[in-house]
Amino acid sequence: MTGSMRSRHHDIADDLRQQITTGRIQPSERLPSEADLADQYKVSTVTLRRALAVLQGEGLVEKIHGKGNFVRRPHRKILYVGGWGTLDPWTAAEPALRVTVRSNTIQAQAHLTTLLKVPMGSPIVETTCISHEGESPHGLARIYMPRDLVPAGVLDDDFTCRDAVTRFAVLAPSPAVLRETVCARTPTPDEASALRIGHASVVLSITRIATDSTGRVVEATLLAFPGDRVDAVFTTHCVPDERQTQG
C-alpha cells in the first residue's frame, strides 16, 4: 500500500507539473483548494499534500499561509557584488524589489561575540533586512554592529544610509578591509521560514566581516539568498610584482 501511495502522489505531481509547464495553469494562479484537488484526483488529502510537497520542493508551487497554493513566477535574479551589496538589473523595466528593515539593540552572545570580537553581553545593534519580489522573499541580511558605531537614526528608522541598507551593503563608515566567506548550503530553520523555501533547498550564504585600520571589527553581516535567485560577482585587483616590474 505504501508503494501505491508513493506512486500515486508522484502521478499527481507529474500531472500538475505538466499543466504548469504547458501554461494550462498560469504563473501566480491559485490552485484549487487541497480538498477540491483531492476530490478531483480521488485521493486522500494526505496523498494530495505529498504531491504538492514535490512541486513546492521543485520551486514550481508556493504555499502562502492562509491563502493557498500558487504557481510561482520564474524568479528574476539579482546580483550580489562583493564589497558593495546587491544590484537589481531589472529595475529599469520592472518595479524595484521591496525591502523591509527592522533594527533593535541586543546583547552579544555565542557566535556574535566571535564575529564581532566583543565581550559577552556587549550591546550591539541587529538590523534585519528582507527583500521581496511580490509575495516572495528574495534575500535575507542580518547586519550586526557595536552599539557605539551605529550611524545616527538607524534605530528609529530615520537615517541617511537607507539606500545602503536596502542594497544589503556595508553600513560602517569606510572600512579598511572586507572579508567575505561564501558557501552553498541548506538553510537554517529561521532562514527557511523567513525566505519561505524548503528545508532541502540550497541557499548562497555570505558572511561579511568589515574591519577598520586598527583591525577592530566594525560590522558583521550574515547574508542568505535562495540559490535560484542570485548571482554573486567578486572582482580581484591584482597587484603587479615589483620585482618583475623593475626587471
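Residues numbered from 1 in each chain as written. Predicted model: local features only at pLDDT ≥ 70, side-chain atom pairs only at ≥ 80, totals over all residues. Heavy atoms only, no water.

Some details on the confidence of the model for the protein
Then comes step 1: Residues with a pLDDT of 70 or more make up 89% of the protein, whose mean pLDDT is 86.
Then comes step 2: Between residues 1–5, whose pLDDT stays under 50, and residues either more than four places distant or in other chains, the model counts 2 contacts. (pLDDT = per-residue confidence, 0-100. Contact = heavy atoms within 4.5 Å.)

Things to note about the packing of helix α2 (residues 34–41) against helix α3 (residues 45–57)
The relative placement of two packed helices comes down to the angle between their axes together with the axis-to-axis distance.
Then comes step 1: The geometry of α2 relative to α3 is characterised by a closest axis approach of 9 Å and an angle of 105° between their N-to-C directions. In this view, α2 runs roughly perpendicular relative to α3, as classed from their interaxial angle. Each of Glu34, Leu37, Ala38 and Tyr41 in α2 lies in contact with α3, whose residues at this interface are Thr45, Leu48, Arg49 and Leu52.
Then comes step 2: Considered class by class, the residues forming the contact of α2 with α3 number 5 nonpolar, 1 polar and 2 charged. (Axes fitted to C-alpha atoms, helices over the stretch in contact; angles between N-to-C directions. Helix = DSSP H or I, 4+ residues; strand = E, 2+ residues; numbered from the N terminus. Parallel < 35°, antiparallel > 145°, perpendicular 65-115°, else oblique. Nonpolar A, V, L, I, M, F, W, Y, C, P; charged D, E, K, R; others polar.)

Focus on the packing of aromatic side chains
Then comes step 1: Under the counting rule described, the total for this entry stands at 3 aromatic pairs.
Then comes step 2: Between Tyr80 and Phe234 the ring centres are 6.3 Å apart and the planes differ by 55°, which places this aromatic pair in the tilted class. Residue Tyr80 is found in strand β3 (residues 78–81), and its partner Phe234 is found in the loop between β11 (230–233) and α7 (242–246); the two are separated by 154 residues along the sequence.
Then comes step 3: A residue is classified by how much of its surface remains accessible, and Phe234, at 41% relative accessible area, is partly exposed.
Then comes step 4: An aromatic cluster of at least three residues, connected via ring pairs, comprises Tyr80, Phe168, Phe225 and Phe234.
Then comes step 5: When the ring centre of Trp84 is taken as origin, the NZ or CZ atom of Arg167, which lies over that ring, is 4.0 Å away. (Phe/Tyr/Trp six-rings, centres within 6.5 Å; stacked < 30°, edge-to-face > 60°. Buried < 20%, exposed > 50% of the residue type's maximum accessible area, 1.4 Å probe, protein only. Lys NZ or Arg CZ within 6 Å of the ring centre and 35° of its normal.)

Some words on the pairing of strand β7 (residues 136–146)
Then comes step 1: Most of β7 is tucked away, with 11 of its 11 residues classed as buried.
Then comes step 2: Where strand β6 (residues 123–133) lies against β7, 10 bridges are found, and the strand directions are antiparallel. Bridging across to β7, Ser131 finds its partner in Gly139.
Then comes step 3: In this structure, the hairpin formed by β6 and β7 is closed by a connection of 2 residues, where Gly134 is found at a positive phi of approximately 65°. (Pairing = 2+ DSSP bridges.)

Some thoughts on the side chain of Thr128
Then comes step 1: Inspection of the secondary structure assignment puts Thr128 in strand β6.
Then comes step 2: Those residues within four positions of Thr128 in sequence are excluded, and the remaining contacts are Thr100, Val101, Arg102, Leu140, Ala141 and Arg142.

So, the pairing of β6
Then comes step 1: Counting buried positions along β6 gives 9 out of 11 residues, so the element sits mostly inside the fold.
Then comes step 2: Where strand β5 (residues 98–107) lies against β6, 10 bridges are found, and the strand directions are antiparallel. Along β6, the bridge assignment pairs Ser103 with Thr127.

Focus on the pattern of salt bridges
A side chain of one charge can pair with a side chain of the opposite charge if their charged atoms are brought near each other.
Then comes step 1: Throughout the structure, instances matching the rule amount to 12 salt bridges.
Then comes step 2: Notably, a salt bridge pairs Arg17 with Asp14, separated by 2.7 Å at the nearest N-O pair. One end of the pair, Arg17, and the other, Asp14, are both in helix α1 (residues 2–21), 3 residues apart, so they sit about a helical turn from each other.
Then comes step 3: Under the relative-accessibility criterion, Arg17 is labelled partly exposed at 21%.
Then comes step 4: When the shortest N-O distance is used, the salt bridge between Arg49 and Glu34 registers 2.7 Å. Highlighted residues: Arg49 in helix α3 and Glu34 in helix α2, separated in sequence by 15 residues.
Then comes step 5: Overall, the relative accessible area of 46% leaves Arg49 in the partly exposed class.
Then comes step 6: Beyond isolated ion pairs, a larger network of salt bridges with shared partners links Glu34, Arg49 and Lys63. (Salt bridge = Lys/Arg side-chain N within 4 Å of Asp/Glu carboxyl O.)

Details of the layout of surface pockets
Rolled over the atoms, a probe as big as a water molecule pinpoints where empty space is left.
Then comes step 1: Of the voids in this model, the largest pocket is the one considered here, and its volume is about 330 Å³.
Then comes step 2: Of all elements in the fold, only α3 and β1 (61–64) reach the threshold of two or more residues within the lining of the largest pocket.
Then comes step 3: At 3 residues, the largest contribution of residues to the lining of the largest pocket is made by β1.
Then comes step 4: Within the lining of the largest pocket, the residues separate by chemical class into 4 nonpolar, 6 polar and 7 charged.
Then comes step 5: The calculated volume of the second largest pocket comes to roughly 240 Å³. (1 Å grid on protein atoms, 1.4 Å probe; cavity = no way out; pocket = protein on both sides within 12 Å on 5 of 7 lines; lining within 4 Å. Points joined across faces, edges and corners; volume = space filled by probe spheres on them.)

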